[in-house]
Amino acid sequence: MPKPMTTAEATVASLIAHGINTLYALPGIQNDHLFDAVFKASNRMQAIHSRHEQGAAYMALGAALATGKPQACAAVPGPGLLNSSAALLTAYSMNAPVLALIGQIPEADIGRDLGHLHELRDQAGVIARLVDHSARIRAPEDASRCVAEAMDAMQSGRPGPAALECAIDVWGKTGAVALQAPRPLREPAIDEDAIRAAAKRLGAASNPMIVCGGGAQDAAAEVTELSAMLQAPVLGYRRGRGVLDSRDPLSVTLPLAHELWAKTDVVLGVGTRLLAQHRQWGMDDELAVIRVDADPHEPARLRKPDVALIGDAKPILRRLIDAMAAHNAKRPSRASEMKERQAALRAQLAQTLAPQVSFLDAIRAELPEDGIYVDEVTQIGFVGRLAFPVYKPRTFLSPGYQDNLGWGFATALGAQHARADVPVVSISGDGGFMFTANELATAMRHRIPVTTIVFNDGAFGNVRRIQEEQYGNRLIACDLANPDFVRFADSFGAAAERAKTPEELRAALRRAFKRRDAPTLIEVPVGPMPSPWQFIFMPKVRGA
Ligand SMILES: Cc1ncc(C[n+]2csc(CCOP(=O)(O)OP(=O)(O)O)c2C)c(N)n1
Ligand SMILES: [Mg+2]
């Protein structure tokens, strides 16, 4: 039975029906009806307000990455939307299901360039370049369908963000609303011929490798089983870390996978673009490529694979495991060979990148197995992608190919808000932290017990080192004047301390992880650090 509701009420009721109970948001006149609707639904939905729209959108992103579930944020039009745009772009590049509710000027004047408050020319066009799916809610009767379609688009096929605009005068209009039930997720039928072809190739492979991207995060059990059957090393670099537990001898990071690449005869890419392999490491006809991807357009983008399996990785890999039985022989264990290679790499990293590795080891020693580590575009962060052991899916959050400085702290805040049951630690440089340092106020207002470590070298250190080494030491735009970070955090009421050594950092982290009602900032003063790039951008080892 349709019920009288405003557009805003219908939208909120639909979000709740789709399992969304938090709106990460910053209010303003265009969205007042929306916030009022959240107020009226406050037993089932909460508004977590940030201090800048990028904070709200990064929080929704962090919550989505940490839970694997859709999340929502809201902003006013124009500047509000643009302030959230880097986070939406990141959500797109990470295939993260974030729904942005964006205000609009009065419906009748959209597109007329009259100069209404926060008007942005072709706002819908701007939004369409940021997210996968977007629409405008035009009437109360429209709202529930718009939400259901957006949620469907965010989760079916390749996941990703969506946005719904709504005009200031439309949010408050009342109509007869019939709420739509969530739609069942659409899954393409598994292509049995492709499964057989993949099973045959993998079964016959002498040196198979599995490469995991973000699309493999929910298929950890299947990847683990397949890797054991094939004795295949599993590479997880950034988005794919934690799919196979780092303690498994077959789990490898970038430098070791590169070492193994030249001899690999079949690669199984799961939810990954395989960009480094195609563009840096090289491909040739001796290497068979099997791709599992939710997006039918992805596998052939760089080079047509030998076999493409389209759909959610989990059921596809399960089917592949079943089919493998007929094609795979029992293989001798590679555990001791891989352990030896791991130990050699580990020793090389510990020696070459000593400052980074020693602090990362300190964090790992204190962060519980299911604790979440959020990285940043910082020198410690780059090395963490190679050397920080990860034990579980969705516990290592690293921004996708945007690699956008300043994503970390606010994303960690969202992850911690959505996963109050585990500690979340954010690592940043002094440069990156200041992008969203204002959100310490949000952490205090909402009592979010995130721990942030700021590695302070007084510089955009990575940029500075490149200028030193490659531009004749012509230093420009890289030295920073910083606040006293401990006093800064203290002034918000957050717990704050300074740790000068890995041992001091461990002790500080122990204290921080016990604190469950307020955020902690730990400043670690550091000097210049050695370059990690030789372990990340590695030369071509096969193909023309
Ligand atoms: C949005 C964005 N702007 C600029 C950059 C370029 N960039 C990469 S690393 C870096 C410096 C980071 O400085 P800091 O956070 O202090 O870390 P450090 O390198 O000192 O360890 C910059 C400016 C970027 N990746 N993203
Ligand atoms: Mg720095």
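Details of the structure are given in the entry above.
Residues numbered from 1 in each chain as written. Chains lettered and ligands numbered in written order. Predicted model: local features only at pLDDT ≥ 70, side-chain atom pairs only at ≥ 80, totals over all residues. Heavy atoms only, no water.

1. Observations regarding the overall build of the protein chain
Looking only at helices and strands, the protein chain has 21 helices and 20 strands in total. In terms of overall size, the protein chain behaves like a compact globule, its C-alpha atoms giving a radius of gyration of 24 Å where 544 residues would be expected to give roughly 24 Å. With respect to the three principal axes, the spread of C-alpha positions in the protein chain is 70 × 60 × 45 Å. In the protein chain, which comprises 544 residues, the share counted as buried stands at 57%. The contacts of the protein chain with a sequence gap of at least 6 include a subset with a gap of at least 24, amounting to 77%. Accessible area of the protein chain: about 21,500 Å², with a carbon and sulfur share of 52%. (Helix = DSSP H or I, 4+ residues; strand = E, 2+ residues; numbered from the N terminus. Rg over C-alpha atoms; globule rule 2.2 N^0.38 Å. Buried < 20%, exposed > 50% of the residue type's maximum accessible area, 1.4 Å probe, protein only. Contact = heavy atoms within 4.5 Å. Areas by Shrake-Rupley, 256 points an atom, 1.4 Å probe, with all protein chains shown as cover.)

2. Quick notes on the site of ligand 1
Around ligand 1 lies a shell of 16 residues, among which Thr378, Asp430, Gly432, Gly461 and Asn462 are the nearest. Within the contact set of ligand 1, an oxygen atom lies 2.8 Å away from a backbone nitrogen or oxygen of Gly432. Asn462 is positioned such that a nitrogen or oxygen atom in its backbone is 2.8 Å from an oxygen atom of ligand 1. Across the complex, the protein chains shield 75% of the 590 Å² of accessible surface that ligand 1 would expose by itself. Where the shell around ligand 1 is concerned, the elements lending two or more residues are α17 (430–433) and α19 (461–470). Along the lines of polarity and charge, the residues of the shell around ligand 1 split into 5 nonpolar, 8 polar and 3 charged. (Near = heavy atom within 4 Å. Polar contact = N/O pair within 3.5 Å; in protein donor to acceptor, adjacent residues only side chain to side chain. Nonpolar A, V, L, I, M, F, W, Y, C, P; charged D, E, K, R; others polar.)

3. Describing the sheet that holds strand β14 (residues 307–310)
Within a sheet, adjacent strands bond to each other through the backbone by hydrogen bonds, running parallel or antiparallel. Pairing within the open sheet is parallel, and its 6 strands lie in the order β11-β10-β9-β12-β13-β14. Among the strands making up the open sheet, the edge pair consists of β11 (251–252) and β14. Lying over the sheet, helix α8 (residues 192–204) contacts β9 (208–212), β12 (266–270), β13 (288–293) and β14, oriented at roughly 130 degrees with respect to β14. Along the sheet face, helix α10 (residues 254–261) touches β9, β10 (234–236), β11 and β12 and points at about 145 degrees away from the line of β9. (Pairing = 2+ DSSP bridges. Axes fitted to C-alpha atoms, helices over the stretch in contact; angles between N-to-C directions.)

4. Observations concerning the environment of Val486
When you line up the elements, Val486 lands in helix α20 (residues 485–492). Judged by its relative accessible area of 15%, Val486 falls in the buried class. Between the alpha carbons of Val486 and Arg44 there is a distance of 37 Å; along the sequence they are 442 residues apart. With near-sequence residues (within four places) excluded, Val486 lies in contact with Ala496, Glu497, Arg498 and Glu523.

5. Some thoughts on the coordination of the magnesium ion (ligand 2)
With distances of 2.1 Å, the protein atoms coordinating the magnesium ion (ligand 2) are Asp430 (OD), Asp457 (OD) and Ala459 (O). Ordering the donors of the magnesium ion (ligand 2) by residue number gives the pattern D-x26-D-x1-A. Judged by relative accessible area, which is 5%, Ala459 ranks as buried. (Donors = N, O, S within 2.8 Å, 3.2 Å for Na, K, Ca; no water.)

6. Remarks on the sheet that holds strand β4 (residues 71–75)
In spatial order, the strands read β3-β2-β4-β5-β7-β6; together these 6 strands make up an open sheet with parallel pairing. Looking at which strands have only one partner, the edges of the open sheet turn out to be β3 (46–49) and β6 (133–137). Sheet twist, expressed as the average angle between the axes of neighbouring strands with direction ignored, equals 25 degrees. Here strand β2 (residues 22–25) runs beside β3; their pairing, made up of 4 bridges, is parallel. Within β3, the position partnered with Leu23 by the bridge is Ala47.

7. Topic: the pattern of salt bridges
One pass over the full model with this rule turns up 40 salt bridges. Notably, a salt bridge pairs Asp142 with Arg145, separated by 3.0 Å at the nearest N-O pair. With a gap of 3 residues between them, Asp142 and Arg145 both fall in helix α6 (residues 140–155), about one helical turn apart. In this structure Asp142 comes out as buried when scored by relative accessible area, which is 18%. The salt bridge involving Glu369 is made with Arg247; its shortest N-O contact spans 3.0 Å. (Salt bridge = Lys/Arg side-chain N within 4 Å of Asp/Glu carboxyl O.)

8. What about helix α1 (residues 7–17)?
With respect to burial, α1 is a largely interior element, 9 of its 11 residues being buried. Listing the buried residues of α1 in full gives Thr7, Ala8, Ala10, Thr11, Val12, Ala13, Ser14, Leu15 and Ile16. Backbone geometry just after α1 places Gly19 at a positive phi near 90 degrees.

9. Focus: the side chain of Thr452
Within the secondary structure layout, Thr452 lies in strand β18 (residues 451–456). There is a polar contact of 3.4 Å between the side chain of Thr452 and the side chain of Ser426. Contact partners of Thr452, with chain neighbours within four places excluded, come to Phe409, Ser426, Ser428, Phe433, Thr520, Leu521 and Ile522.

10. Quick notes on unusual backbone geometry
Trans peptide bonds make up most of the peptide bonds, and negative phi angles are found at most residues other than glycine. Unlike most non-glycine residues, Asn95 shows phi in positive territory, near 55 degrees. As for its position among the elements, Asn95 is in the loop between α4 (79–93) and β5 (98–104). The phi angle at Arg394 is positive, at roughly 60 degrees, despite the residue not being glycine. Along the chain, Arg394 falls in the loop between α15 (379–387) and β16 (396–397).

11. Some points on the side chain of Arg239
By secondary structure assignment, the location of Arg239 is in the loop between β10 and β11. Buried Arg239, no salt bridge; nearest opposite-charge side chain is Asp218, N-O distance 9.0 Å. Within the structure, Arg239 has its side chain in polar contact with the backbone oxygen of Met94 (distance 3.0 Å). Discounting chain neighbours no more than four positions away, the residues touching Arg239 are Leu65, Met94, Gly213, Gly214, Gln217, Ser398 and Gly400. (Lys, Arg positive; Asp, Glu negative; His and termini not counted.)

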